[in-house]
Amino acid sequence: MHRYSVILLVLCTIFCAALEIGQRYVVPRITAMDARLDREHTRAEEIRPLPGKPAPVLIVGNSLLKKGVVIPLLNEKLGPEYTVTRYVVEDTNYLDWYYGLRRLFRAGARPKAVILVLNARQLISPVIHGDIFASLLMDPRDLLDVKRTVASDNTATSNLLFANLSRFYGMRSEIHKAFLVHVLPDFPDLAVKLRPATASLPPDDDIETKASERIFQMSRLCAQNGAQFILVVPPSPAARDGSSAIESAGNRAAVQVLVPFRPQELPDNLYADGFHLNYRGSLVFTQALSSRLRETLNNDKLTQTAEPDDRAANSAGFVVGGTAASMKPEYPSGCNSGMIGNDLCAGSTRRTGQ
Amino acid sequence: MLFDSPAFAIFLIAVVLLYWRLNRRWQNIFLLGASYFFYGWWDWRFLLLMAGSTSIDYLIAKKIPSLSNPAQRRALLILSLAINFSFLGFFKYFNFFVQSFAALLSTVGMHNVPISLLRILLPPGISFYTFQEVAYIVDVYKGKLQPSDSLIDYALFISLFPHLIAGPIQRPNHLLPQVQRERTLDWDKFFDGLMLILFGLFQKCVIADNCALIANSAFNGYFGATTLPVVLLGSYAFAWQIYGDFAGYSNIARGAAQLLGFHFMVNFRQPYLATTLQDFWRRWHISLSSWLRDYLYIPLGGNRKGEGRTYGNLLTTMLIGGLWHGANWTFVIWGGIHGGVLAIERVLGLGSDEPERAGWLTTWLKRILLFNLVCVTWVFFRAPSIHEAFVFLGGLSHWAWQPEYLTAFEFLALFSVPMFLMDLRLEGWDEEYIFQRASAWLRTGMGFTAMVAIAFFAANQANAFIYFQF
């Protein structure tokens, strides 16, 4: 059986190599998700300010960003001074993006500003996105720091390293999911029902304390790499979403926090599933966000000649917080009547207090 | 390190490649070092505990045969048992007993009794290696086994990494001689080892981890209210999850041991094809059930002290066997139900060693009935408390149907039927692992097929939330 042992081992080795090569070079050509991830990751890494070109802005987040912000509209509203590049990895939280931005900065990314779109729960979450985080966002040099931060054991830590080194291993859950859907077409309907119930939000004081540490941490990371940090809290249909606590945390950490809409401020018919915005909702949100972003970014221009650390200190004196009412766009009834999509809502917003 | 992790694969490859370049003496020293590295990878703080208890038992076992006074021999045996069970009792059961005592006091009106709960970490594998140490010292005491002259050999018998964390519990007279004698590379056994590892990974990563998605959702209430379909989904899914998980781990352990020239005992023999509960316990976790029979049930008197005492011994053995699985009353209840049914089978004369002459239909009806009985007991095994177990089982009386239930049953069938078919093959062909008697080419092909299935269908429990994101 010596020969067959060798044959079996060789077959398995060749198969593993084929999986790795396929996942790296073939799958991105045939699956939209992998192609998008590769494309957005590459573009994020390659962000550089160029003379005479619009200032680059990087916006990162999870599905709340993907479904809540219409990037072409945002670029239209922020242009020609700014150009926005998006990088979305679904189901990510704060720690995923803290380490993800460390990796991007090390790779040479130099946006003028980094916009992180997370809700309160995701901002204070103690977890990482597992293998996909390790594969797409983690720099192996941060492995021990990640281990300490999330208190993972040796096996889980080694799994993260392996997921970072092997594209197939890092993405195998998505591959498994794809095969499941192929074999059981109704699996997505079942999976939605199997989603764990969301735990209740902690008290605002706890959110504020945790969030302020993280907001300051992220702000410092961005400032060390010449970027302004802006946190955006997306709208929520829930009665309480922790956004006021996040705003207070932003004040405490002297960092810009934008909350374009208060909890339940947007009508339910602008949400697709009770969590993500639908297309109409995303247009409304993008419109509101763009006006506030422009003002925030323009204010930072006043400090752009300062050293990065000084810029962080200067921006500490400027906080966009307070109530959203002063900046609240009014959208006409047309926004609720299905006329969104022809710029009716976008063109007819008015701001009070200006 | 978990058997299904890349770290273990790298570790195993490195150990096997270096091991076969050494002679027996250095093989044992090398394997001992590798096993302690493996254990330290889990938690280095408990290396001293395992080394200490190993050394104590080695010294006591060396001393026992030299004593002619039976009282002194017995005293040393009791000393060893007391030390072993004290370690196990403290690390695994201290908080359980303290909390249970406090709960008992509150039932008689003594509330707010100050209890001191310690933050005790559970040493990995302590239940398994303690039972091995006990088996060794008892066998030496009874004269069935000569104590090992070499501390290295004895320590390796206790800590050999394939079985250290999750068994199978190896008998001293089976494994220790293998440790003590020369081992040569047998390519037939090496190939068998590869096949055991691949099929073990298939059972663990494809069968068990996928069934766990359904089982966890049913038991955690993600399906909504607990109804008859949810109870069936949860209990059936958990039945295949625990079987795939445990049998898979055992097969990987056996396969890894086989790559190193060791033979481990078979731990599972198609348990869900049993027709009586007694038959089930001859097929499920065989290393534990035989240990309990030989070192607990028989010393208590077995069936030699009359019918009443026999039933008491059965119940006691199963209650302790239940508690061995975990520090929770649910495990005790689980063991108690099994003990009670075993006693009833004995009263009714079922489960005798006489070969069944039942027809095909009767056999399958018995199998279905027993499978469902075992699934009911699994509810207690899986639920976090007795109350929640009864609440879950209460769903049997509520009927409701959602379209997703059908998909869930299809999902469960997709990942349990292959295991069931594998068991049918093993039952019919009396093989130690599937396709053992097939041609070399077929076995190679099936091994590769298992590899492909693992690559595309292995669930990832660490990222289970991924499956909910669409």
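Residues numbered from 1 in each chain as written. Chains lettered and ligands numbered in written order. Predicted model: local features only at pLDDT ≥ 70, side-chain atom pairs only at ≥ 80, totals over all residues. Heavy atoms only, no water.

(A) Molecular detail of the overall build of chain A. Helix and strand counts for chain A stand at 16 helices and seven strands. For chain A, the residues scored as buried account for 54% of the 354 residues in total. Counting contacts in chain A only where the partners sit at least 6 residues apart, residues at least 24 apart contribute 79% of the total. Of the roughly 15,300 Å² that chain A leaves accessible, carbon and sulfur atoms contribute 55%. (Helix = DSSP H or I, 4+ residues; strand = E, 2+ residues; numbered from the N terminus. Buried < 20%, exposed > 50% of the residue type's maximum accessible area, 1.4 Å probe, protein only. Contact = heavy atoms within 4.5 Å. Areas by Shrake-Rupley, 256 points an atom, 1.4 Å probe, with all protein chains shown as cover.)

(B) Region of interest: the packing of helix 10 (residues 228–259) of chain B against helix 15 (residues 360–382) of chain B. Residue and element names in this part refer to chain B. The N-to-C vectors of helix 10 and helix 15 enclose an angle of 85 degrees; their axes lie 9 Å apart at closest approach. As far as their axial angle goes, helix 15 and helix 10 are roughly perpendicular. The residues of helix 15 that touch helix 10, namely those facing Ser235, Tyr236, Phe238, Ala239, Trp240 and Ile242, are Phe371, Asn372, Cys375, Trp378, Val379, Phe381 and Arg382. Looking at the contact of helix 10 with helix 15 residue by residue, the classes come out as 10 nonpolar, two polar and one charged. (Axes fitted to C-alpha atoms, helices over the stretch in contact; angles between N-to-C directions. Parallel < 35°, antiparallel > 145°, perpendicular 65-115°, else oblique. Nonpolar A, V, L, I, M, F, W, Y, C, P; charged D, E, K, R; others polar.)

(C) Looking closely at helix 7 (residues 130–137) of chain A. Residue and element names in this part refer to chain A. In terms of burial, helix 7 is a largely internal element, eight of the eight residues being buried. Every buried residue of helix 7 is listed here: Gly130, Asp131, Ile132, Phe133, Ala134, Ser135, Leu136 and Leu137. As for helix 7, its buried residues are in contact with helix 2 (32–45), strand 2 (82–88), helix 5 (94–106), helix 8 (143–150), helix 9 (154–165) and helix 10 (167–183).

(D) Region of interest: the state of the cysteines. Counted under the stated rule, the structure contains zero disulfides over all chains. A disulfide-free cysteine, Cys375(B) has its sulfur positioned 11 Å from the sulfur of Cys211(B), the nearest such atom. (Disulfide = S-S within 2.5 Å.)

(E) Unusual backbone geometry, seen in detail. A cis amide bond links Gly79(A) to the next residue, Pro80(A), at an omega of -5 degrees. Note that Pro80(A) resides in the loop between helix 4 (71–78) and strand 2. Here the bond from Gly167(B) into Pro168(B) is cis, since omega is 0 degrees, no more than 30 degrees from zero. Inspection of the secondary structure puts Pro168(B) in the loop between helix 7 (161–164) and helix 8 (172–180). In this model, Ala151(A) sits at a positive phi of 55 degrees, which is unusual for a non-glycine residue.

(F) Spotlight on the packing of aromatic side chains. Residue and element names in this part refer to chain B. The tally for this structure, following the rule as stated, stands at 68 aromatic pairs over all chains. Centre to centre, the rings of Trp291 and Tyr295 are 5.2 Å apart; their planes meet at 35 degrees, and the pair counts as tilted. Taken together, the residues span about one helical turn, with Trp291 and Tyr295 both in helix 12 (residues 286–300) at a distance of four residues. Summarising the burial analysis for this pair, Trp291 and Tyr295 share the class buried. Over the aromatic face of Trp429 sits the side chain of Arg425, whose NZ or CZ is 4.1 Å from the ring centroid. (Phe/Tyr/Trp six-rings, centres within 6.5 Å; stacked < 30°, edge-to-face > 60°. Lys NZ or Arg CZ within 6 Å of the ring centre and 35° of its normal.)

(G) Spatial organisation of the interface of chain A and chain B. Facing 46 residues of chain A, the contacting portion of chain B comprises 48 residues. Both sides of the chain A and chain B interface together cover about 4,600 Å² of buried area, and 74% of this is carbon and sulfur. Counting every contact that joins chain A to chain B gives zero salt bridges. Counting across the interface, chain A meets chain B through five residue pairs in polar contact (both at pLDDT 80 or more). Secondary structure elements with two or more residues in the side of chain A that touches chain B: helix 1 (2–30), helix 7, helix 9, helix 10 and helix 11 (187–193) of chain A. With 12 residues, helix 10 of chain A is the single largest residue contributor to the side of chain A that touches chain B. Grouping the constituent residues of the side of chain A that touches chain B by class yields 27 nonpolar, 10 polar and nine charged. (Buried area = accessible area lost by both parts, 1.4 Å probe. Salt bridge = Lys/Arg side-chain N within 4 Å of Asp/Glu carboxyl O. Polar contact = N/O pair within 3.5 Å; in protein donor to acceptor, adjacent residues only side chain to side chain.)

(H) Structural context of the pairing of strand 2 of chain A. All names here are of chain A. The buried fraction of strand 2 amounts to six of the seven residues, a majority that puts the element mostly inside the structure. Where strand 1 (residues 55–61) and strand 2 come together, seven bridges link them in parallel fashion. Residue pairing for strand 2: Val60 is matched across the bridge by Tyr87. (Pairing = 2+ DSSP bridges.)

(I) Representation of the sheet that holds strand 1 of chain A in the model. Residues and elements named next belong to chain A. Strand order in the open sheet made by the five strands is 2-1-3-4-5, with parallel pairing throughout. The strands lining the two open edges of the sheet, one partner per strand, are strand 2 and strand 5 (256–258). On average, each strand axis in the sheet is inclined to that of its neighbour by 25 degrees, with strand direction left out of account. Of the strand pairs in this sheet, strand 3 (residues 113–117) and strand 4 (residues 228–232) are connected by five bridges, and their pairing is parallel. Bridge pairing links Leu116 to Leu231 in strand 4.

(J) The arrangement of the nonpolar core in detail. Counting residues in hydrophobic clusters, the biggest one holds 160 residues, and the most contacted among them are Phe8(B), Phe262(B), Tyr272(B), Trp284(B) and Trp378(B). The element that contributes the greatest number of residues to this core is helix 9 (residues 187–219) of chain B, accounting for 19 residues. Sequence-distant contacts of Trp284(B), defined by excluding residues within four places in its chain, comprise Ile242(B), Tyr243(B), Phe246(B), Asn267(B), Phe268(B), Pro271(B), Tyr272(B), Ser289(B) and Trp378(B). Judged by nonpolar contacts, the second largest core, of 53 residues, contains Ala109(A), Met218(A), Leu231(A) and Val259(A). (Core = buried A, V, L, I, M, F, W, Y, C linked by side-chain atoms within 4.5 Å.)

(K) Layout of the environment of Trp41(B). With respect to the secondary-structure elements, Trp41(B) resides in helix 2 (residues 24–43). Sequence separation between Trp41(B) and Tyr433(B) is 392 residues, and the spatial gap between their C-alpha atoms is 30 Å. Side chain to side chain, Trp41(B) and Thr155(A) meet in a polar contact 3.1 Å long.

(L) View of the side chain of Asn210(B). Within the fold, Asn210(B) resides in helix 9. At 2.7 Å, the side chain of Asn210(B) and the backbone oxygen of Val206(B) are in polar contact.

(M) Structural view of the confidence of the model for chain B. Residue and element names in this part refer to chain B. Scored by pLDDT, chain B comes out at a mean of 90, with 95% of its residues at no less than 70. Note on residues 465–470: pLDDT under 50 across the span, and 29 contacts to partners over four residues away in sequence or across chains. If you check the scores for this complex, the pTM reads 0.87 and the ipTM reads 0.87. (pLDDT = per-residue confidence, 0-100.)

(N) Inspection of a positive patch on the surface at higher detail. Residue and element names in this part refer to chain B. A cluster of basic residues, Lys142, Lys144, Arg304, Lys305 and Arg309, forms a positive patch on the protein surface. Summarising the element assignment, Arg304 is placed in the loop between helix 12 and helix 13 (307–325). Note on Arg304: relative accessible area 55%, which makes it exposed. (Patch = residues over 30% accessible without salt bridge, like charges linked within 9 Å, V, L, I, M, F, W, Y side chains within 5 Å. Lys, Arg positive; Asp, Glu negative; His and termini not counted. Charge placed at Lys NZ, Arg CZ, Asp CG, Glu CD.)

(O) Up close: the pattern of salt bridges. Scanning the entire structure with this criterion turns up 33 salt bridges over all chains. The shortest N-O distance in the salt bridge between Arg283(B) and Glu427(B) comes to 2.8 Å. Linking Arg283(B) in the loop between helix 11 (277–281) and helix 12 with Glu427(B) in helix 17 (residues 403–429), this pair joins segments that are 144 residues apart in sequence. A single salt-bridge network, built from bridges that share partners, covers Arg102(A), Arg106(A), Asp139(A), Arg141(A), Asp142(A), Asp145(A) and Arg148(A).

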